Amino acid sequence: MAPHAEESVGTHTGDENVQQQNNGHQNGDHHDDQQHSGQDERNMPKPGEYIQFDHLPAGGPLNRWSHFMTRGHDFPGAQAMLYSAGVPNKDMMKNAPHVGIATVWWEGNPCNTHLLDLGVIVKRAVEKQNMLPWQFNTIGVSDGITMGSEGMRFSLQSREVIADSIETVTCAQRHDANISIPGCDKNMPGVIMAAARHNRPFVMIYGGTMRRGHSKLLDKPINISTCYEAVGSYRYGVLKAKCKKTSGAEATPSEVMDDIEEHACPGVGACGGMYTANTMATAIEAMGLCLPGSSSFPAESPQKRSECERAAEAIRICMEKDIRPRDLITRRSFMNALVLTMVLGGSTNAVLHFLAMANSADVDLTLEDIHRVSESTPFLADLAPSGKHYMEDLCNVGGTPAVLKYLIAVGLIDGGIMTVTGKTLAENVSSWPSLDPGQTIIRPITDPIKKSGHLRILYGNFAPGGAVAKITGLEGDFFTGRARVFNKEHELNSALSAGAIKDEEEGQVLIVRYEGPKGGPGMPEQLQASAAIMGAGLKKIALVTDGRYSGASHGFIVGHVVPEAAVGGPIALVEDGDLITIDAVRNSIDIIEASGIQGAAGIAAELERRKRGWKPPKMKPTRGVLAKYARLVGDASHGAVTDAGGPDW
């Protein structure tokens, strides 16, 4: 007879011990994190933070959580419903573990439209393991479709909805494990945040990258970012075809735009450069939360389907060995994620998402950690948006496992962390082919594109709480210019559409404010403006915002300014004509002249004078999901999370 809860079970906080495999840092004390590794004591949710669920101790039956719903006749209604939902017999009812398969699926976005099909492959594989698979969905927002519109305000908060949804179903239905299949930018951090909350055995399967497109009229590879850069060229009258049409006639600029729009996205999968989706997927693979190769297998490849079949075996291993998300989401694994992001030239959005993931897992991670890793990690990858290659190309020369194998060998990545395979990261990639010797995508550490990371954490009187810059070195490391202020993204977009932004003798710092987590609300991405400026060929311009930039953005860009304008940060006080300086070597962003006043004391006094005349804007909207989000969300320097916890919660 099965034991009752009070006799021999743990709780959601966990009271059983696990032998942690800890092989130490592959790179010695490169990141000085031994005191934070969390390997001595198991990181479990703190009592009172989450609902407590009785579960069987590790080492026995795998239906550790569902057992208390399916044993005896304690919950006859639940069992009746489960029989109706597909449990085939009494033996499976009483003994089979329940595995949730969460697909971030919906139609209308190529990143996600195929995920339900991948989920069906996983379901069949789980059934072969004599477990009960339950498919369910959560939602998402297409950044590519909503970019530049009011719909983009819903994008970042979808990360919270995804995490909330998976936590809800996993816990309410008493699933014993979860396999999540995300595809687009916010999907990946959302499923990891959910895993850290429910903390049941977990594997992530990335939906995979899209094939690159090709424009016949431009005669070059194209992708989603090309669309936004081309529209800048189009509006500024510099978009021209390289080739003639099949009829032999010259193509008009409008026909070039048609060609780009029709061929930029040739199939399903996430956008193909080192944009946010691929940034997060590669980082999560470096953390050991998915199978080797998951982040680089193209969406439509046979390898992706094979990965889905192998995920069932991996989740069983996690269940048998009691490998839980919080065993893998550690400071050590975050250091790996940060290093790989710097090496590959990943998105600024990664900073926001790593902080949010760490918050959910109760891991101590700050902007200072990100700054420290960036200072000590070279930028090696010639990948879009700043380079010419795509994830599809990287897969062809060995993929993410080959990159990790190389970085472990040179001491940049910690190969000793545990993974969902039950083996260490180093063991996972040891038999993987090394990077193709003739490849030019990943440079050797002796010949980096940039000796330090491209993501810079900036502080100064403009951003006392921090800001995140993406500076690859191609733009230089220093910029000074006169402020030109826009109170919403649409104001800058309108100015660009009208051709009103020109290169000037003196540099310009275009500031878009009231677009932060609260002020947006939703902290929308602003690829439309950054790409249009690149496409128009404007050079003497830096972009600064309390909102976000897309992973496809490049140029001299600074986002995530804290405090944001909506709460009265200095970005709300800056005026047209103020002189702003951005220094990616000193990692600073400062107002160095305000109303003709120079000197730190004088500028501080002038900003204080302006602050006395500033009034906080009335929050809009006042109802619905964005209103709830604006009331709950924290600042960008702490991940823009809605469940920060603490004594006030």
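Our structure's up above, just so we're on the same page.
The notes below deal with the structure included here. Predicted, not measured: the structure shown is a model, and the values here were computed from it.

In terms of helices and strands, the protein carries 23 helices and 14 strands. Counting only C-alpha atoms, the protein reaches 80 × 65 × 50 Å along its principal axes. The buried share of the protein, taken over its 649 residues, is 62%. Taken as a whole, the protein presents about 24,300 Å² of accessible surface, with 52% of it coming from carbon and sulfur. Between the mean site of the 62 positive side-chain charges and the mean site of the 74 negative ones, the protein shows a separation of 3 Å.

Along its 14 residues, helix α14 (residues 331-344) runs 20 Å from first to last C-alpha, staying within 8% of the 20 Å computed at 1.5 Å per residue. With 14 of 14 residues buried, α14 is to be regarded as a mostly interior element. Positive phi appears at Gly 345, one or two residues downstream of α14, with a value of about 75°.

In this section: the environment of Thr 472. On the secondary structure map, Thr 472 appears in the loop between β8 (466-470) and β9 (478-486). A relative accessible area of 4% means that Thr 472 is categorised as buried. Distance in space between the C-alpha atoms of Thr 472 and Phe 354 is 20 Å, their sequence separation being 118 residues. Ignoring anything within four residues of it in the chain, the contact list for Thr 472 reads Phe 379, Ser 386, Lys 450 and His 454.

Within the open sheet, the eight strands sit side by side as β7-β8-β12-β11-β10-β9-β13-β14. Their pairing is mixed. Two strands lie at the open edges of the sheet, namely β7 (455-458) and β14 (588-593), each paired on one side alone. For this sheet the average axis-to-axis angle between neighbouring strands, irrespective of direction, equals 30°. Inspection of the sheet shows strand β11 (residues 541-545) paired to strand β12 (residues 557-562) by two bridges, in the parallel sense. Paired with Val 544 across the two strands is Val 558, which belongs to β12. Lying over the sheet, helix α16 (residues 367-376) contacts β7 and β8, oriented at roughly 135° with respect to β7.

So, on to the side chain of Thr 209. In this structure, Thr 209 sits in the loop between β4 (202-204) and β5 (213-215). There is a polar contact of 3.5 Å between the side chain of Thr 209 and the side chain of Asn 278. Sequence-distant contacts of Thr 209, defined by excluding residues within four places in its chain, comprise Val 268, Gly 269, Ala 270, Cys 271, Gly 272, Asn 278, Ser 296, Phe 297, Pro 298, Ala 299, Met 391 and Glu 392.

Strand pairs in the sheet, formed through backbone hydrogen bonds, run parallel or antiparallel to each other. Pairing is parallel in the open sheet, where four strands are placed in the order β2-β1-β3-β4. Each of the sheet's edge strands pairs with one partner strand only, and the pair in question is β2 (132-137) and β4. On average, each strand axis in the sheet is inclined to that of its neighbour by 20°, with strand direction left out of account. As paired elements, strand β1 (residues 98-103) and β2 share six bridges and run parallel to each other.

Take the pattern of salt bridges next. Inspection of every chain in the model, using the stated rule, returns 36 salt bridges. Across the pair Glu 150 and Arg 153 runs a salt bridge, and its minimum N-O distance is 3.0 Å. Residue Arg 153 is classed as buried on the basis of its relative accessible area of 8%. One salt bridge in this structure joins Arg 372 and Asp 369, with 3.1 Å as the shortest N-O distance. In this pair, Arg 372 and Asp 369 both sit in helix α16, three residues apart, roughly one turn of the helix. A relative accessible area of 29% means that Arg 372 is categorised as partly exposed. The network of salt bridges with common partners includes Arg 42, Arg 64, Asp 322, Arg 324 and Asp 327.

On to the environment of Ser 155. As for its position among the elements, Ser 155 is in helix α7 (residues 155-172). The exposure class of Ser 155 is buried, given its relative accessible area of 0%. The spacing of Ser 155 and Val 141 is 14 residues in sequence and 5.4 Å in space, taken between C-alpha atoms. Apart from the residues within four sequence positions on either side, Ser 155 is in contact with Val 141, Asp 143, Lys 186 and Arg 548.

Basis of the calculations
Residues numbered from 1 in each chain as written. Predicted model: local features only at pLDDT ≥ 70, side-chain atom pairs only at ≥ 80, totals over all residues. Heavy atoms only, no water. Helix = DSSP H or I, 4+ residues; strand = E, 2+ residues; numbered from the N terminus. Buried < 20%, exposed > 50% of the residue type's maximum accessible area, 1.4 Å probe, protein only. Areas by Shrake-Rupley, 256 points an atom, 1.4 Å probe, with all protein chains shown as cover. Lys, Arg positive; Asp, Glu negative; His and termini not counted. Charge placed at Lys NZ, Arg CZ, Asp CG, Glu CD. Expected span 1.5 Å × (residues − 1). Contact = heavy atoms within 4.5 Å. Pairing = 2+ DSSP bridges. Axes fitted to C-alpha atoms, helices over the stretch in contact; angles between N-to-C directions. Polar contact = N/O pair within 3.5 Å; in protein donor to acceptor, adjacent residues only side chain to side chain. Salt bridge = Lys/Arg side-chain N within 4 Å of Asp/Glu carboxyl O.

Remember, this is a structural readout, not a statement about activity or role.
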